[in-house]
Amino acid sequence: MSTTDLPPAGSAPATGDQTGRKGASPWRQPLSVWATAFAAVVAFMGIGLVDPILPSIAEGLHASPSQVSLLFTSYFLVTAVAMLVTGFISSRIGGKATLLLGLALVVVFAALSGASGSVGELIGFRAGWGLGNALFVATALAVIVGAAVGGMESAIVLYEAALGVGIASGPLLGALLGDWHWRAPFFGTAVLMAVGFLLITVLLKAPPKPAAKTRLADPLRALAHGGLSTTAFTALFYNFAFFTVLAFTPFVLGMSPYGIGAVFFSWGVLVAVSSVVVAPRLQHRLGSVRTLHVALGALLVLQAAIAVSAGLDVHAGVVAAVVLTGVPIGMNNTVFTEAAMEVSDAPRPVASAGYNFVRWMGGALAPFVATKLGEEVSPVLPYAVGAVCCLVAMGVLVARRHHLGALKG
């Protein structure tokens, strides 16, 4: 999930006050903005929430690691496809209604996930959760931009902060509740999202619906642009490497939920800091394309380090390399989506939808493929494949660099 996905069709433009006070602090906002940001934090928790409890789920439901990995696959596959329809929906029912629909779906399916009696049920309920999360996340920034004081820049800072807190705290919440019982994190998320639903219902004023409506085919048509398709398919390979680390590593660590949660909390902090601080500074100095090469190269090296450490059974090396992957992952998350927004002449909401559809396919494929390779061949192989994916992504950037002229560097 990236921090700079821009407003989908259906959002209202910022008012004059919002665009005219760029120097305003991003932290001095109306209650409606904070309500949306709180719900965004909880939504982003859902990405890493299950990480610390994957082994516990496998044990509790008598499932194999590859079966449990489908919790990620179903979630991100539905998220990817839903990205194609979020603009269509929000441009017809409005931003607030889309937020509430997404939140309601997450509440229902998170609670059903906690009540699952089999791994098959849990996989299906996670798919429904992915639909709700896509509707909410794709609309949240648009709503924050429409209601925030300080314009787009302040809104993005606040949104990125919500993303960072959510990604970092998701594994921690999963560990704390999961140590009690693997079902508890799902029920906990349902309760928190219900609180977010009530806050947005009461505090957020519905923005006006737009005059123009997004068509279902618009995001796919946007991918005909060479620059956008290059960015999207490069991000697909990157996301395969990213979610190899996120989804397969809990089985390699061999730690308690608290241990896994601590590892991925540290990882999440680096993702957040890198997204907000490191990526913008490197972009300013090197440009977007060179920054992507640096980040992909660093992730390649760290994937190789995890593979070597796992092969030599050096547990401390695996932990250190996994935590450090948060730096290039945070950089990539920010720069890839900004590149997708800048590289084509498609409206930003449409470009974002097409890009996210392609790149989340990497997040859908990696958990099952990586875990299956780790189960049946070697725990080293998934990270070796992740490193190769980083290399392929860099190769795509080089081979199709003539399509990226709109990007600096």
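Our subject in this report is the structure included herewith.

What counts and how
- Residues numbered from 1 in each chain as written.
- Predicted model: local features only at pLDDT ≥ 70, side-chain atom pairs only at ≥ 80, totals over all residues.
- Heavy atoms only, no water.
- Helix = DSSP H or I, 4+ residues; strand = E, 2+ residues; numbered from the N terminus.
- Rg over C-alpha atoms; globule rule 2.2 N^0.38 Å.
- Contact = heavy atoms within 4.5 Å.
- Areas by Shrake-Rupley, 256 points an atom, 1.4 Å probe, with all protein chains shown as cover.
- Lys, Arg positive; Asp, Glu negative; His and termini not counted.
- Charge placed at Lys NZ, Arg CZ, Asp CG, Glu CD.
- Salt bridge = Lys/Arg side-chain N within 4 Å of Asp/Glu carboxyl O.
- Buried < 20%, exposed > 50% of the residue type's maximum accessible area, 1.4 Å probe, protein only.
- Core = buried A, V, L, I, M, F, W, Y, C linked by side-chain atoms within 4.5 Å.
- Patch = residues over 30% accessible without salt bridge, like charges linked within 9 Å, V, L, I, M, F, W, Y side chains within 5 Å.
- Phe/Tyr/Trp six-rings, centres within 6.5 Å; stacked < 30°, edge-to-face > 60°.
- Lys NZ or Arg CZ within 6 Å of the ring centre and 35° of its normal.

1. Focus on the overall build of the chain
- In terms of helices and strands, the chain carries 16 helices and zero strands.
- Here the C-alpha atoms of the chain give a radius of gyration of 20 Å, agreeing with the 22 Å that 2.2 N^0.38 yields for 409 residues.
- The principal-axis extents of the C-alpha atoms in the chain amount to approximately 60 × 50 × 40 Å.
- Of all intrachain contacts in the chain linking residues separated by at least 6 positions in sequence, the fraction that spans at least 24 positions is 87%.
- Within the structure as shown, the chain displays about 14,600 Å² of accessible surface, and the carbon and sulfur contribution to it stands at 70%.
- Here the chain carries 21 positive and 15 negative side-chain charges, and the mean point of each set is 13 Å from the other.

2. Points about the pattern of salt bridges
- What the rule picks out here adds up to three salt bridges.
- With a shortest N-O distance of 3.5 Å, R221 and D218 are connected by a salt bridge. Taken as a pair, R221 and D218 lie in helix α9 (residues 218-222) at a separation of three residues, close to a single helical turn.
- We classify R221 as exposed; its relative accessible area is 52%.
- Ionic pairing is found between K372 and E376, a salt bridge with its closest N-O pair at 3.3 Å. Here the residue K372 and the residue E376 both occupy positions in helix α15 (residues 348-376), the gap between them amounting to four residues, near one helical turn.
- By relative accessible area, K372 is classed as partly exposed at 31%.
- Of the residues examined, E376 reaches a relative accessible area of 57% and is grouped as exposed.

3. A closer look at the nonpolar core
- The biggest cluster of nonpolar side chains holds 119 residues, and the ones touching the most others in it are I57, F136 and I200.
- In terms of residue count, helix α10 (residues 226-253) provides more of this core than any other element does, 14 residues in total.
- What I57 contacts, discounting residues up to four positions off in sequence, is H62, V68, L71, L122, W182 and F186.

4. Concerning a nonpolar patch on the surface
- A contiguous nonpolar surface patch, about 600 Å² in accessible area, is contributed by L172, L176, Y258, F265, V269, V273, V276 and V277.
- Elements with a minimum of two residues in the nonpolar patch: α7 (151-178) and α11 (257-286).
- Here the nonpolar patch gets six residues from one element, more than from any other, and that element is α11.
- Structurally, V277 can be placed in helix α11.

5. Thoughts on the side chain of S274
- Topologically, S274 is positioned in helix α11.
- Residues within four places of S274 in sequence aside, it is in contact with A279, P280, G326, V327, G330 and M331.

6. Here's the deal with the packing of aromatic side chains
- Counting across every chain of the model gives 15 aromatic pairs.
- Ring geometry for F76 against W360: centres 5.0 Å apart, planes inclined by 10°, an arrangement best described as stacked. Pair noted here: F76 is in helix α4 (residues 65-93) and W360 is in helix α15, with a separation of 284 residues, a long-range link.
- Taking the centre distance of 4.2 Å and the plane angle of 20° together, the rings of F242 and F243 count as stacked.
- When its relative accessible area of 2% is taken as the criterion, F242 is described as buried.
- The aromatic ring of F88 is capped on one face by R92, whose charged end is 3.7 Å from the ring centroid.

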